[in-house]
Amino acid sequence: MDHQDALDGEEHVKIDSLTNAVGEWLKGTGPESDIVMSSRVRLARNVAHFPFVSRATEQERGEVEEFLRGQLAQSPAGKQLEYLNVGQLHEVDRLFLVERQLISREHAEAEGARGVAIDAGEQVSLMINEEDHLRIQCMHSGLDLTGAWDQIRHVDDALEAVVPYAFHRRWGYLTACPTNVGTGIRVSVMLHLPALVITRQIDKVFRSLHKISLAVRGLYGEGSQALGDFYQISNQTTLGKTEEELVGQVSDVVPVLIEYERRARDFLVRESQLNIHDQVSRAIGILRTAQTISAEETMQHLSRVRMGVLLGLISDVTISDINVLLVRTQPAHLQKLRGMELDSSDRNIERARYLRQHFENGEGDASNAN
Amino acid sequence: MKCQQCDKSAVFHITELEEGDVREVHLCEDHARGYLTQSEGEGGEEGKESPTVGGMLAGPLSIAKTAEDLSAIDQKACTMCGITFFEFRNNGRLGCPHDYVQFEKELEPLISNIHGATEHVGRTPPSFPDGTEFLTAAVGKRREMKEAIECEEYEKAGSLRDDLRAIDEAARGISLSQGQRPQTLPAAPSAEAPANDQGTGGAADAEPGEAGNATSP
């Protein structure tokens, strides 16, 4: 059944235009984008004259959503954003936004009035009625935390001119969870660290990060396992330091991690090239020929292929291709691209078909190309 | 309730808050001492592990605190949104901005444990450098108005409605009305003021979910 029948026309068009687009952060064009997939900054804000979301009545949530949507429409920042009423979206479309990292899984699964405003390049998204009334996010390709901070700062300034953010002189911006109070800022980078995983140095690196108060998570945020050697590094504290200091806390450590990963890649090429070439070739072989494949297995193989591209073992595939495939082989993306709902086993078949189609032109082994 | 590690009665009821996940720990005094000492050790010399609400108990609510002490703290309620400290401990989320004032003493050690700091030094809203407590008063007034309507106290309800309208107008026009709000709006209550001073008729006793759902009619 075509689930899109359930959508009203306007929301339908907005989601469809996203399906066919590629977010700026996926393009692999930013600094150090061989290792740093994306840089993200988010701010947690609440409206001063309402209870926090988990305490608000249904009516109050509705009023907060209406208030913020209205104020956003008046703000210069809001005029460049497309608003989606998340509560009215079909489940697949909500999951689609999660896979695109435009909303959180919690926001997708929540109840009641809520929405998201997104810019055309998918760099800025504003979630209304997530854990806090407002979660502003800005995501850039590669290592560009300063750029992401600059952009979000301007969005925040513009909104602050029309929205009374809950603020306390001592505690700063007030949030539903005390772990976010103060600046309300979460600064993170998504790193691809396959060589550190293969050389078994990753746990040591993570222990070091914990010691300097940085958190490590898997690709899809809180509570998830790291799939395909993608890890998110972020600040744990939000109070007692300025926003710039907290941005610096994460951005200072990333070059060190990049250096570790590069050294591990050099080591692999030097000491076990045949073994690595074999792993990469098998990965692309499976992606090119599989008849049914899960999202998890796909991500593992795409991770190996991505490393193969960066080590010069694979030609004719770009980092941008792999980044886009990582997102488009997720369950909701497959269903949106196919234009119909698919159960788990049909998705695995569709995923394999999509991958075969993508790789069928003989993209692959660099040694064949020579 | 029994201690999770032996057959003695649990006297320490700890809520761990780790990166958004909530976990409850119930321990006797002996095991609580070991648990809290261990938590402190983890966060010791080389750096901090994930911040936890349990860790907060290691500080101000010292080992000598009894179940009765904790129970008294648990029953404290916000005069604005009505949430009790017990409810916060259970779900890890506060009810409204005023909770940071109402539960300041209880939250201070928790926040210190999480962030290693107790003072904000980052950005400040240009319109509200001194805070937005006077706007958060609306949270309590909505509850009061709902109660007044239920009790058929229409004069009181009307007055509250006017107050709420004033707050709403101030909130919508923040860039236009700077400097006037504290004079034109009702003052926010202090954290220490008893609930009845706000005319809530005992907001502290309100049931969860009763928080105001009425606004300007």
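Residues numbered from 1 in each chain as written. Chains lettered and ligands numbered in written order. Predicted model: local features only at pLDDT ≥ 70, side-chain atom pairs only at ≥ 80, totals over all residues. Heavy atoms only, no water.

Scanning chain A for helices and strands turns up 14 helices and twelve strands. The principal-axis extent of the C-alpha atoms belonging to chain A is close to 65 × 50 × 30 Å. When the 370 residues of chain A are sorted by exposure, 62% land in the buried category. When contacts within chain A are restricted to residue pairs at least 6 apart in sequence, long-range pairs at least 24 apart make up 72% of them. The positive charge centre, built from 39 side chains, and the negative charge centre, built from 54, are 5 Å apart in chain A. (Helix = DSSP H or I, 4+ residues; strand = E, 2+ residues; numbered from the N terminus. Buried < 20%, exposed > 50% of the residue type's maximum accessible area, 1.4 Å probe, protein only. Contact = heavy atoms within 4.5 Å. Lys, Arg positive; Asp, Glu negative; His and termini not counted. Charge placed at Lys NZ, Arg CZ, Asp CG, Glu CD.)

This part covers the packing of helix H10 (residues 295-310) of chain A against helix H13 (residues 344-359) of chain A. Residue and element names in this part refer to chain A. Packing of H10 against H13 brings their axes to within 10 Å, and their N-to-C directions diverge by 25°. When the axes of H10 and H13 are compared, the pair comes out roughly parallel. Taking contact as the criterion, the partners of Ala-295, Thr-298 and Leu-302 in H10 are, on H13, Asn-348, Arg-351, Leu-355 and Phe-359. Per-class residue counts for the contact of H10 with H13 are four nonpolar, two polar and one charged. (Axes fitted to C-alpha atoms, helices over the stretch in contact; angles between N-to-C directions. Parallel < 35°, antiparallel > 145°, perpendicular 65-115°, else oblique. Nonpolar A, V, L, I, M, F, W, Y, C, P; charged D, E, K, R; others polar.)

All names here are of chain B. Taken over all residues, the pLDDT of chain B has a mean of 71, while the share at 70 or more is 57%. In the model of chain B, helix H9 (residues 181-184) stands out as the element of lowest mean pLDDT, 40, in contrast to helix H5 (residues 99-102), which has the highest, 97. Here residues 175-217 scores under 50 on pLDDT; set against residues more than four positions off or in separate chains, the count is 80 contacts. (pLDDT = per-residue confidence, 0-100.)

A word on the domain arrangement of chain A. Residues and elements named next belong to chain A. Segmenting chain A into domains produces domain 1 (3-192) and domain 2 (272-368). Here domain 1 and domain 2 have C-alpha centroids that lie 30 Å from each other. Every contact between the two is made by 23 residues of domain 1 and, on the other side, 19 residues of domain 2. When domain 1 packs against domain 2, the two sides together hide about 1,800 Å² of surface, and 60% of this comes from carbon and sulfur. Across the contact surface, domain 1 and domain 2 share one salt bridge. In this assembly, domain 1 and domain 2 are joined by nine residue pairs in polar contact (both at pLDDT 80 or more). Looking at the side of domain 1 that touches domain 2, the elements that each hand over two or more residues are helix H1 (9-19) and helix H4 (91-99). Tallying contributions element by element places H4 first for the side of domain 1 that touches domain 2, with five residues. For the side of domain 1 that touches domain 2, the residue count by class is nine nonpolar, eight polar and six charged. (Domains from an automatic or database assignment. Buried area = accessible area lost by both parts, 1.4 Å probe. Salt bridge = Lys/Arg side-chain N within 4 Å of Asp/Glu carboxyl O. Polar contact = N/O pair within 3.5 Å; in protein donor to acceptor, adjacent residues only side chain to side chain.)

For the rest of this paragraph, the subject is the pattern of salt bridges. Enumeration over the complete set of coordinates arrives at 30 salt bridges over all chains. Arg-338 of chain A serves as the salt-bridge partner of Glu-350 of chain A, at 3.7 Å between the closest nitrogen and oxygen. Taken together, the positions of Glu-350 of chain A in helix H13 and Arg-338 of chain A in helix H12 (residues 331-338) put the pair twelve residues apart, joining distant regions of the chain. Among the residues examined, Glu-350 of chain A registers a relative accessible area of 8% and is labelled buried. Judged by relative accessible area, Arg-338 of chain A falls into the partly exposed class, the value being 42%. Here Glu-106 of chain B and Lys-76 of chain B are joined by a salt bridge, their closest N and O atoms 3.1 Å apart. Placement of the pair is Glu-106 of chain B in helix H6 (residues 104-115) and Lys-76 of chain B in the loop between helix H3 (67-75) and helix H4 (85-91), with a sequence separation of 30 residues. With a relative accessible area of 32%, Lys-76 of chain B lands in the partly exposed category. One salt-bridge network, in which partners are shared between bridges, spans Glu-130, Glu-131, Asp-132 and Arg-135 of chain A together with Arg-93 of chain B.

Here we take up the packing of helix H7 (residues 133-150) of chain B against helix H8 (residues 154-172) of chain B. Two numbers describe a pair of packed helices, the interaxial angle and the distance between the axes. All names here are of chain B. Contact pair H7 / H8: the axes reach a minimum separation of 9 Å and the direction vectors enclose 155°. Between H7 and H8, the angle falls in the class roughly antiparallel. Along this stretch, H7 crosses H8, giving a crossing that reads as left-handed. Mapping the contact onto sequence places Phe-134, Leu-135, Ala-137, Ala-138, Lys-141, Arg-142, Glu-144, Met-145, Ala-148 and Ile-149 in H7 and Tyr-154, Lys-156, Ala-157, Leu-160, Arg-161, Asp-163, Leu-164, Ile-167, Ala-170 and Ala-171 in H8. Its residues assigned to classes, the contact of H7 with H8 shows 14 nonpolar, no polar and six charged. (Left-handed = near helix turned anticlockwise from the far one by under 90°.)

Residues and elements named next belong to chain A. Inspection of the secondary structure puts Thr-242 in the loop between strand S10 (230-235) and helix H9 (243-289). Under the relative-accessibility criterion, Thr-242 is labelled partly exposed at 21%. The sequence separation of Thr-242 and Val-256 amounts to 14 residues, and the corresponding C-alpha distance is 23 Å.

What follows is about the packing of aromatic side chains. Counted under the stated rule, the structure contains six aromatic pairs over all chains. Between Phe-85 of chain B and Phe-88 of chain B the ring centres are 5.5 Å apart and the planes differ by 55°, which places this aromatic pair in the tilted class. Of the two residues, Phe-85 of chain B and Phe-88 of chain B are both situated in helix H4; the distance of three residues between them amounts to about one turn of the helix. Both residues of the pair, Phe-85 of chain B and Phe-88 of chain B, belong to the buried class. Through pairs of rings, three or more aromatic residues link up here, namely Tyr-165, Phe-167 and Tyr-173 of chain A. A cation sits over an aromatic face here: Arg-142 of chain B above Phe-50 of chain A, 4.1 Å from the ring centre. (Phe/Tyr/Trp six-rings, centres within 6.5 Å; stacked < 30°, edge-to-face > 60°. Lys NZ or Arg CZ within 6 Å of the ring centre and 35° of its normal.)

Now for the interface of chain A and chain B. Counting residues at the interface gives 56 residues for chain A and 63 residues for chain B. Looking at the side of chain A facing chain B, the largest losses of area belong to Arg-55, Phe-167 and Arg-170 of chain A, adding up to 16% of the total buried there. Here chain A and chain B share nine salt bridges between them. Linking chain A to chain B there are 23 residue pairs in polar contact (both at pLDDT 80 or more).

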